[in-house]
Structures are given as C-alpha cells and as structure tokens.
Amino acid sequence: MKVLGIYSIKGGVGKTAAAVNLAYLAAVGGNRTLLWDLDPQAAATYCLRVKPKVKGGGKSLARGRGDLDDLVKATDFQRLDLLPGALSLRNLDVLLDDAKRPTKQLLRLLRPLSEAYDIVFLDCPPSLSLLSENVFRAVDLLLVPTVPTALSARALDQLAGFLDRHQMASDLRVLPFFSMVNPALPTQAGAMERVRASHPHTLSTAIPLAAEVEYMGIHRLPLPAYAPACPAAAAYRALWAEVQGDLMRGPRAG
Amino acid sequence: MHDQLQEYRLPLGGEARLVAALGQVGWRLAAEAPRAARVRLLDSFDWGAYLAGAVIEEREQGNERWLSWHDLRGVEPPLAQPIAQPPGFPRDLPPGPLKERVLAAVGVRRLLVAVELEVESRTIRLLDDEEKTRARLVIETYRPAGGCGAGSRPEPDQGSSQGPAQGRGEGQETAGLACLFLEPLKGYQADAREVAAWLSDDLALAPAARPLWLDVLGFGPRPAGGYSSKLSYRLDPKQRADSAARQILLGLLDTIEVNIEGARANVDSEFLHDLRVATRRTRAALTQIPGVLPPQVEADFKARFAWLQQVTGPVRDLDVYLLDFDIYQASLPAAMGPDLEPLRAYILAHYGEEQGRLSEALGSASMTELVRDWRQVLEAPTPAESAPANAARPIKGLADERLWRLVRRVRREGQAITRTSAPEELHELRKSCKKLRYLMEFFQSLYPDAAIASAIRLLKTLLDNLGSFQDLAVQAHHLREMAVRMHAQGGADTQTLLAIGALVADLLRRREAARSAFSATFAGFVADDGKALFRELFHGGAPTGLSAALPTEPQVSPGALVDLD
C-alpha cells in the first residue's frame, strides 16, 4: 500500500480537486484506492456525494477506538472508497496531542488497511500542525499543489524549512506541482521558473485554471468522469502518470 | 473487509422482466444503457487458476480491455487491472497484485482461452436523495461466442451438456446464461440487504447455489480441471498385473498424446515437459514392470520411446536455461547481470532451429505410428491365458517384489559411493532412485496412504540432492561449451565471457555443496526408521513398532518373493 498526501500550507490551491481526481484516476487504473478526507470542510466528501459524518468523530479516531474500516464508504466508482471528512474532525489536532506518540497516530490507523488498498490518498487541511506532522510521517509521497505566485513559493520554502528542522527532509519525498496555472497572467512564468530552480523535484505537469474544475462542486463528480475530454482532465491524467512513474521508481537517492 | 457479491441466476430472457419489476418498487434508480462486451475466461492448460479456486476474466468493452481475478470461494474481493493487449504469459502482465496472484497460480504456463463469450451487460444503480449510489445491480447475459462451444474449438454438444443447459428457459434455442449480480457497497450494506429481500420476497429469486462463473466455464470445450500431469491410479491389489500395467501405461499415453500439439506449437514450455515426464515414466514402467507384455512388444516400444526421449531433449535443455535465466543473472553481482544478455540471445537464436526439429519429429510418421500402435497394444483385450511370465499375477505381489528390489538396489548403490567415487556413480544412483519413485507413484494406491507418502518424501529428499548435483554439473558443462562456441563465432565479448565464467563457477560451487551434502542426505535415507518404513511397505515385515505408528489398511500377502539377497 502506498500513501500519498495532497498537502499545502496555503488554502485554495486546488488540493481537493487534485485529491479527488487523482484518486479517481488511480481507481480507474485498477488500483484499490482509498481517499481519506482529513479536512473538516469535507469538500472531497461533498464532491463524491457522501454524507459528511464520522461515527464517534475525531475523539474515537485519536483514541484508537473502533476500526477505521468501519468508517469507510464506497463511492459511485468501482475500487474507489472514501473515509469521509466531517466537522467533528476540526479538533483532531488537540485530540492527537493527548495521544501517546502523537505524531504517529495516522500511521497507526492506516496500518490495518494495508491489505485492502493499493493506494491511499490523504486530502489534508491547509495548515502546518500536529495533523500535518502525522501526515508527513505516514506518506510515501507528498504532493504539493502550488499556484505560481510569490506567496505560494514562500509557502513551499516554509514547508522545506520545517521538514529540515524536524529531520524529516531526507525521508520524505516532496513533489510540488503547479496548480491553477493561468498563462494570461504575466507574473506566473517567472514564479514557475523560480520555484523550479529552488525545488528541482517539481513535477513537469501543470494543472490549468479552468472553469470545468470549478464545476466539480456542482456536478459532484470527479472531473474526468463528467468532462473526460477537457484539457484540465488531460492534465490530471498526465499528472497521475507522472506520479505513478515516481512511485514505481521507489525512494530517490539522496 | 470484503462485502460479498450476491449472484442470482435469471431465466434466459428474464432480464427485461426484472428491469421492469425494479421500476415498480419506487426506488430511485439510475439505469445505464446496455453495453456489449466480449469476455474470455483464461487459464493455463493444467487449470492453475481453477485449481486455486478462481477464474481469470479478460473483458473487452468499447476500447477498453480489463483483466480480473475472481475468487470463487468468495473470500477475497476481485482484483482488476486494465491491460493493453491480450494476455499471454503471466510474467508479462503489468506489475501489481493481479500479476502476483496470476503468477502464483499459473506460473510459467501461458494463459489460454478456456471459453469465449458475448456478453450484454447493464448496470442499474440504487440512489439516495443526494443521487449517491447505495447499491449496484449488474445484469449480464452470456452467450458462447460464435453461437456454440467456445474458444478455438467449436464443440456444441459439450457446451450444452454441462451446467449452463439448466439455464435455458423452455423454447429457448440458444445456449446462454442470464445473471444478476447484486453488489453491496461498503458502508451501505443495508441497502443491498433491502434489495436482496425484495428479490427473494417479491420475485422468489434465491442466490445461486454455486458461483455462476463455474456455469460460464461449462460453455468451454474442455472440462474445467480435466487435465493433470500428476499420477493418481486406483488399482485393485488382486488386479492382474497385465491389466494394471495397461491402466498405468494408458494414463501415461493419454498425457503424451494430449501434450503433442502444445509441444509442437511451443505454446509454453510445460507441454514438452509433461510429454517428456510421461515418456520417462512409460520407459520406467516398461523396464520395471516386466513380463506383462510379450517380450518382442516390450523391446520394440522400449526402443521407440527411447527415440521420443532423445528427440525431445535439446529443446527441453534450452527451456531450462531460459526459465532459469533470471536466476542466473540474480546469482551474479548486480553489475555483471546485464553482461549475460548475449548468452540469452545466443540461446534464443538456437531455439528456433531446435524447436523446428522437435516439431518435425512430433509431427512425423514415426510419432503418429508410435502413438497409434501403442494405444492398439494397450487397448487390446487382456488375454485370459497370457503367455508373459507376470501377466496373470496379482499386481500387489509384483509391485512388492519390484519395489523391494529397487529399494535394495538404491541402498546398495548408495552405500558403495565414497568421497572419491566418480560422478557417473551418483548419476546411476539417481536413475535408480527415479525408477523407484515412479514405481511408488504408479502403485501408490496399493499401500497405506500415510506410509507411502512418507516413503516418497524420504526418497524425494535424496533425489533432490542427486538432481542438483547432476543438473548443475550438466549446466556448467553446457555453458562452457556455449561460451566456447559464442567466442569462436564472435558472439561474446570479454565482459560476457567473464560473466559466463562467474556463472559457471557459481554452478560448480553449488554442485560441490550438493556433493558434500550427499553422504548426510543418504544417511538420512537409510536411517533406521526409513529402513523400517520401506521394509514394512514392500517386504511385509516390521521389525520395529512401526505398524502401530502408522495408519494401516488390510495388507495383502506380498506373494511369491524372490529373495535376491
């Protein structure tokens, strides 16, 4: 089982769209896939038409009561399951802090699922918190959607600095990719160049800013399911192919 | 974790009625348009997946092609994966859990089409107020492709004589099977239960008693699980020796015959392998169950089967190198592995030529006549007063006698081997051991199951040791010869020669290890309890308390024993 986190310190950068679309494409490709919506806004959950309810809420999760598997809901798509997000998860950070080994709780919760799924996606809330640290410890790969602006580049640097300070930089593979790219904006090309220079592992696929992506919240479907031919859907497919290639290659040296 | 799929069998043509009835219930439904698909159930010639309790499905729908693994015991959820082309060998499948599962069941064999079907499939989803799917119903109709039989061999009678025939409604002319799959969704099991209750209460539909894939398999021309190269003869201790021998030899002839085409066409390496094993067993039976056929017949077929063994040898040798090639490469330091590639190319280059000779031999008049004449001999009625010496004896007595004789030969030959013995002596011992093993397997049903199984296990340990010694020596020798020829033909650079050298050294080291392990392995074979076991089995007496320790069957008197001591 491979665990992929979709993460950014910043909000509104296309995390949920990426998480839902990549998880959908993974399932379509034959992988038994789980998408865990860790965001209390539960946008991914909404997009897949599942009710935003978690039995027992964050408390039972953090205290290790009950089985994660009992909370899983099948989506409308074969091989794609969802662990719904819910408002009741909003205090997960505080609850995790009470647990023993608070940074490894997510890893512990995921372990029993390793036989049932090939790939788990974690749709993470925007922050740099104890929950984020749990995510960093649990994932094989951290995908960071990055809008090509000065502020996003700064957020990437902040993440790199944090990982460095907490001795996680060498174990964790961080792959930024450009999101909501708008060629009409003159500032973006320069920002992309700067990000690529300071983060050489940045993926080559860029997701365009497109109305079709915004419609996910209206159709309540993954983008490739309702507009498979649009350029943004093609971009997500290319992104997934790139990520898969990276997963197959295994840990990067150095 | 796996929510079991519920399967229902529908009367053929009853799909439309089911869809109409569903519409009356008042559930919120989304019905997708019916889609046509072509489904092939795949398996190896020896039914590896079926025997592992599964079917492998290849489904072409639109421009998509999927491969799935369905566990018929309902323990594991299905595994599925898109594939780019029709699957051949499991090793060539895209990496993933499906490939692992197929490889474990099918191994080196090629996936063949067991049955091909035209399928009409429609999915109906049960929705909630947010239009979220709560349960999925899939209605499918399977019809053998081409109207009858399946695969490449149309055999309409077989297709309809099995399971699926029961699925025909009255007046239905075409063979086919209609089914409904109710797929419970994780987290929404209650909805599926509600549908199941409706199917049972309102439509009087009960889940199918056995997996419907088995019925679909029944459309194929070959009975599922109908081939095995393993021996399992049921003999009667009082049966005349000539009749028992014919029974054994006919079984082996069936195996030879059924593998000829696959070996000629090189469908996969195991056709030839099974054919060769059955040939070797036939030859062992001819020498080790003597005096049951007229002497001139015995001599004639010994010679003809020796020919068959000989003409099938070269391709098998090359098969072994190719099958082991990855292991060869892995045995070298990682940097040297790729240097062996020219050797693989060299083997492959010669393969076509040898395979051509093999195909010619297997298609020759000599081969056709061998099979035809041998069957004629074996199927001729057993004469009541048969001339050959052992023909009319009860088989049990003859089996005891021959087995005991071989046990003592193996002991004698083994005990004569010292540290300085020539490799040929170990080779002779191996041949005796193989004869003993084949004979024990032929006659297995005449002896108590547990005891004969332990005896075979004991012998197998010794055979494995002797086999590694001999095979490693032969391989090292051949590889050296190949290196010389490759070098002479300019087909190997220094890197390749060095890599072959390292490989030969490794094989020889392993051969030495097998040689040093021989005396301890043989000591295990002739240790007291083993000795007692063989005596108890084949020589009637048990000087130790073995009889009490092993499950026994009523023993038949060993008959007239010729004491060769």
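None of the values given here were measured: they were computed from a predicted structure.

## Here's the deal with the overall build of chain B
Part 1 of the reasoning: Broken down by element type, chain B carries 18 helices and 9 strands.
Part 2 of the reasoning: Counted over contacts in chain B with a minimum sequence separation of 6, partners at least 24 positions apart contribute 74%.
Part 3 of the reasoning: Accessible surface, chain B as shown: approximately 25,900 Å² in total, 52% of it carbon and sulfur.

## Observations concerning the overall build of chain A
Part 1 of the reasoning: Looking only at helices and strands, chain A has 12 helices and 8 strands in total.
Part 2 of the reasoning: For a compact globule of 254 residues, the expected C-alpha radius of gyration is about 18 Å, and chain A comes in at 17 Å, within 12% of that figure.
Part 3 of the reasoning: Taking the principal axes of its C-alpha atoms as reference, chain A extends roughly 50 × 45 × 30 Å.
Part 4 of the reasoning: The buried share among the 254 residues of chain A stands at 56%.
Part 5 of the reasoning: The long-range share in chain A, meaning contacts at least 24 apart out of those at least 6 apart in sequence, stands at 79%.
Part 6 of the reasoning: Taken as two groups, the 29 positive and 23 negative side-chain charges of chain A have centres that lie 3 Å from each other.

## Describing the sheet that holds strand β1 (residues 2-6) of chain A
Residue and element names in this part refer to chain A.
Part 1 of the reasoning: Taking strand neighbours across the sheet as the criterion, the 8 strands line up as β3-β4-β2-β5-β1-β6-β7-β8 in an open arrangement whose pairing is mixed. Looking at which strands have only one partner, the edges of the open sheet turn out to be β3 (73-74) and β8 (206-208).
Part 2 of the reasoning: For β3 and strand β4 (residues 80-83), the ladder comprises 2 bridges, and the chain directions are antiparallel. Across the sheet, the residue bridging to Ala74 is Asp81, located in β4.
Part 3 of the reasoning: Across the sheet, helix α7 (residues 150-165) touches β6 (141-146) and β7 (174-181), and the angle it forms with β6 is around 155 degrees.
Part 4 of the reasoning: Its contacts with the sheet put helix α12 (residues 231-249) on β1, β5 (119-123), β6, β7 and β8, and the angle it makes with β8 is roughly 160 degrees.

## A few points about the interface of chain B and chain A
Part 1 of the reasoning: Tallying the contact residues gives 21 residues for chain B and 24 residues for chain A.
Part 2 of the reasoning: Buried area between chain B and chain A, both sides added, is near 1,800 Å², and the carbon and sulfur share of it is 47%.
Part 3 of the reasoning: If you look at where chain B meets chain A, you find 11 residue pairs in polar contact (both at pLDDT 80 or more).
Part 4 of the reasoning: Sorting elements by how many residues they give to the side of chain B that touches chain A places strand β6 (residues 79-82) of chain B first, with 4 residues.
Part 5 of the reasoning: Counted by class, the side of chain B that touches chain A contains 8 nonpolar, 3 polar and 10 charged residues.

## Here we look at the nonpolar core
All names here are of chain B.
Part 1 of the reasoning: Counting residues in each nonpolar core, the largest one holds 119 residues, and the members touching the most others are Ile289, Met440, Phe442, Phe443 and Phe538.
Part 2 of the reasoning: Tallying contributions element by element places helix α15 (residues 449-488) first for this core, with 15 residues.
Part 3 of the reasoning: If sequence neighbours within four positions are ignored, Phe538 has contacts with Asp400, Leu403, Trp404, Val407, Met440, Tyr447 and Ile452.

## Thoughts on the packing of helix α8 (residues 269-288) of chain B against helix α14 (residues 423-442) of chain B
Residue and element names in this part refer to chain B.
Part 1 of the reasoning: At a minimum axis distance of 10 Å, the contact between α8 and α14 shows a crossing angle of 90 degrees. As the angle between them shows, α8 and α14 are arranged roughly perpendicular. Where α8 approaches α14, its residues Arg280, Arg281, Ala284, Ala285 and Gln288 are matched on the opposing element by Lys434, Lys435, Tyr438, Leu439, Glu441 and Phe442.
Part 2 of the reasoning: Broken down by class, the residue content of the contact of α8 with α14 amounts to 5 nonpolar, 1 polar and 5 charged.

## What about the side chain of B:Asp268?
Residues and elements named next belong to chain B.
Part 1 of the reasoning: Structurally, Asp268 is set in the loop between α7 (241-264) and α8.
Part 2 of the reasoning: Residue Asp268 is classed as buried on the basis of its relative accessible area of 2%.
Part 3 of the reasoning: Within the structure, Asp268 has its side chain in polar contact with the side chain of Arg109 (distance 3.1 Å).
Part 4 of the reasoning: Apart from the residues lying within four places of it in its own chain, the contact partners of Asp268 are Phe89, Val108, Arg109 and Arg110.

## Topic: the confidence of the model for chain B
All names here are of chain B.
Part 1 of the reasoning: On average, residues of chain B score 88 in pLDDT, and 89% of them are at 70 or above.
Part 2 of the reasoning: Segment residues 148-173 is flagged for pLDDT under 50; beyond a separation of four residues in sequence, or across chains, it makes 43 contacts in the model.
Part 3 of the reasoning: For residues 542-565, every residue scores under 50 in pLDDT, and the model assigns this stretch 34 contacts once sequence neighbours within four places are set aside.
Part 4 of the reasoning: If you check the scores for this complex, the pTM reads 0.83 and the ipTM reads 0.85.

## Digging into the pattern of salt bridges
All names here are of chain B.
Part 1 of the reasoning: According to the stated counting rule, one finds 54 salt bridges over all chains in the structure shown.
Part 2 of the reasoning: In this structure, Arg40 engages Glu58 in a salt bridge whose closest nitrogen and oxygen atoms are separated by 3.3 Å. With a gap of 18 residues between them, Arg40 in strand β3 (residues 35-43) and Glu58 in strand β4 (residues 54-61) connect regions that are remote in the sequence.
Part 3 of the reasoning: Residue Glu58 is classed as buried on the basis of its relative accessible area, which comes to 2%.
Part 4 of the reasoning: Salt-bridge contacts for Asp71 lead to Arg73; the nearest nitrogen and oxygen are separated by 3.0 Å.
Part 5 of the reasoning: The class of Asp71 is buried, set by a relative accessible area of 10%.
Part 6 of the reasoning: Salt bridges here are not isolated pairs; linked through shared partners, they connect Arg38, Arg40, Glu58, Glu60, Arg65, Glu116 and Glu118.

## Notes on the side chain of B:Thr312
Residues and elements named next belong to chain B.
Part 1 of the reasoning: Inspection of the secondary structure assignment puts Thr312 in the loop between α9 (295-311) and α10 (313-331).
Part 2 of the reasoning: Judged by relative accessible area, Thr312 falls into the buried class, the value being 1%.
Part 3 of the reasoning: What Thr312 contacts, discounting residues up to four positions off in sequence, is Leu272, Leu275, Arg276, Leu358 and Leu362.

## A short note on the environment of A:Leu96
All names here are of chain A.
Part 1 of the reasoning: For Leu96, the position within the fold is in helix α4 (residues 92-98).
Part 2 of the reasoning: Residue Leu96 is classed as buried on the basis of its relative accessible area of 5%.
Part 3 of the reasoning: Once the C-alpha coordinates of Leu96 and Val50 are considered, the two residues, 46 residues apart in sequence, prove to be 25 Å apart.

## Observations regarding the environment of B:Arg35
Residue and element names in this part refer to chain B.
Part 1 of the reasoning: Summarising the element assignment, Arg35 is placed in strand β3.
Part 2 of the reasoning: When the C-alpha positions of Arg35 and Ser432 are compared, they lie 61 Å apart, and in sequence the two are 397 residues distant.
Part 3 of the reasoning: Residues within four places of Arg35 in sequence aside, it is in contact with Gln61, Val119, Glu120 and Ser121.

## Observations concerning α15(B)
Part 1 of the reasoning: Across its 40 residues, α15(B) extends 56 Å between first and last C-alpha, which sits within 8% of the 58 Å expected from 1.5 Å per residue.
Part 2 of the reasoning: Of the residues one or two after α15(B), B:Gly490 is the one with positive phi, at around 70 degrees.

## Details of unusual backbone geometry
All names here are of chain A.
Part 1 of the reasoning: A positive phi is found at Arg79, a non-glycine position, where the angle reads about 70 degrees.
Part 2 of the reasoning: Inspection of the secondary structure assignment puts Arg79 in the loop between β3 and β4.
Part 3 of the reasoning: The phi dihedral of Met180 is positive, around 55 degrees, even though this residue is not glycine.
Part 4 of the reasoning: Within the element layout of this structure, Met180 appears in strand β7.

## Quick word on the packing of helix α13 (residues 395-415) of chain B against helix α17 (residues 528-538) of chain B
All names here are of chain B.
Part 1 of the reasoning: Running from amino to carboxyl end, α13 crosses α17 at an angle of 160 degrees, the nearest separation of the two axes being 9 Å. With respect to α17, the element α13 is oriented roughly antiparallel. Every pair of crossing elements has a handedness; the one defined by α13 and α17 is left-handed. Here Asp400, Leu403, Trp404, Val407 and Arg411 of α13 come into contact with α17, specifically with Lys531, Phe534, Arg535, Leu537 and Phe538.
Part 2 of the reasoning: When grouped by side-chain class, the residues that make up the contact of α13 with α17 number 6 nonpolar, no polar and 4 charged.

## Brief notes about the packing of aromatic side chains
Part 1 of the reasoning: In this structure the tally under the stated criterion is 18 aromatic pairs over all chains.
Part 2 of the reasoning: Ring pairs connect the aromatic residues B:Tyr447, B:Phe518, B:Phe522, B:Phe525, B:Phe534 and B:Phe538, which therefore count as one cluster.
Part 3 of the reasoning: In this arrangement the basic side chain of A:Arg220 is found over the ring face of A:Tyr46, its NZ or CZ atom lying 3.8 Å from the centre.
Part 4 of the reasoning: Directly above the ring of B:Phe89 sits B:Arg91, whose terminal nitrogen or CZ lies 4.2 Å from the centroid.

## Looking at the environment of B:Ala175
All names here are of chain B.
Part 1 of the reasoning: With respect to the element layout, Ala175 can be found in the loop between α4 (156-161) and β9 (177-184).
Part 2 of the reasoning: Among the residues examined, Ala175 registers a relative accessible area of 14% and is labelled buried.
Part 3 of the reasoning: When the C-alpha atoms of Ala175 and Leu12 are compared, they prove to be 9.0 Å apart, with 163 residues separating the residues in sequence.

Thresholds, definitions, all that
- Residues numbered from 1 in each chain as written.
- Chains lettered and ligands numbered in written order.
- Predicted model: local features only at pLDDT ≥ 70, side-chain atom pairs only at ≥ 80, totals over all residues.
- Heavy atoms only, no water.
- Helix = DSSP H or I, 4+ residues; strand = E, 2+ residues; numbered from the N terminus.
- Contact = heavy atoms within 4.5 Å.
- Areas by Shrake-Rupley, 256 points an atom, 1.4 Å probe, with all protein chains shown as cover.
- Rg over C-alpha atoms; globule rule 2.2 N^0.38 Å.
- Buried < 20%, exposed > 50% of the residue type's maximum accessible area, 1.4 Å probe, protein only.
- Lys, Arg positive; Asp, Glu negative; His and termini not counted.
- Charge placed at Lys NZ, Arg CZ, Asp CG, Glu CD.
- Pairing = 2+ DSSP bridges.
- Axes fitted to C-alpha atoms, helices over the stretch in contact; angles between N-to-C directions.
- Buried area = accessible area lost by both parts, 1.4 Å probe.
- Polar contact = N/O pair within 3.5 Å; in protein donor to acceptor, adjacent residues only side chain to side chain.
- Nonpolar A, V, L, I, M, F, W, Y, C, P; charged D, E, K, R; others polar.
- Core = buried A, V, L, I, M, F, W, Y, C linked by side-chain atoms within 4.5 Å.
- Parallel < 35°, antiparallel > 145°, perpendicular 65-115°, else oblique.
- pLDDT = per-residue confidence, 0-100.
- Salt bridge = Lys/Arg side-chain N within 4 Å of Asp/Glu carboxyl O.
- Expected span 1.5 Å × (residues − 1).
- Left-handed = near helix turned anticlockwise from the far one by under 90°.
- Phe/Tyr/Trp six-rings, centres within 6.5 Å; stacked < 30°, edge-to-face > 60°.
- Lys NZ or Arg CZ within 6 Å of the ring centre and 35° of its normal.

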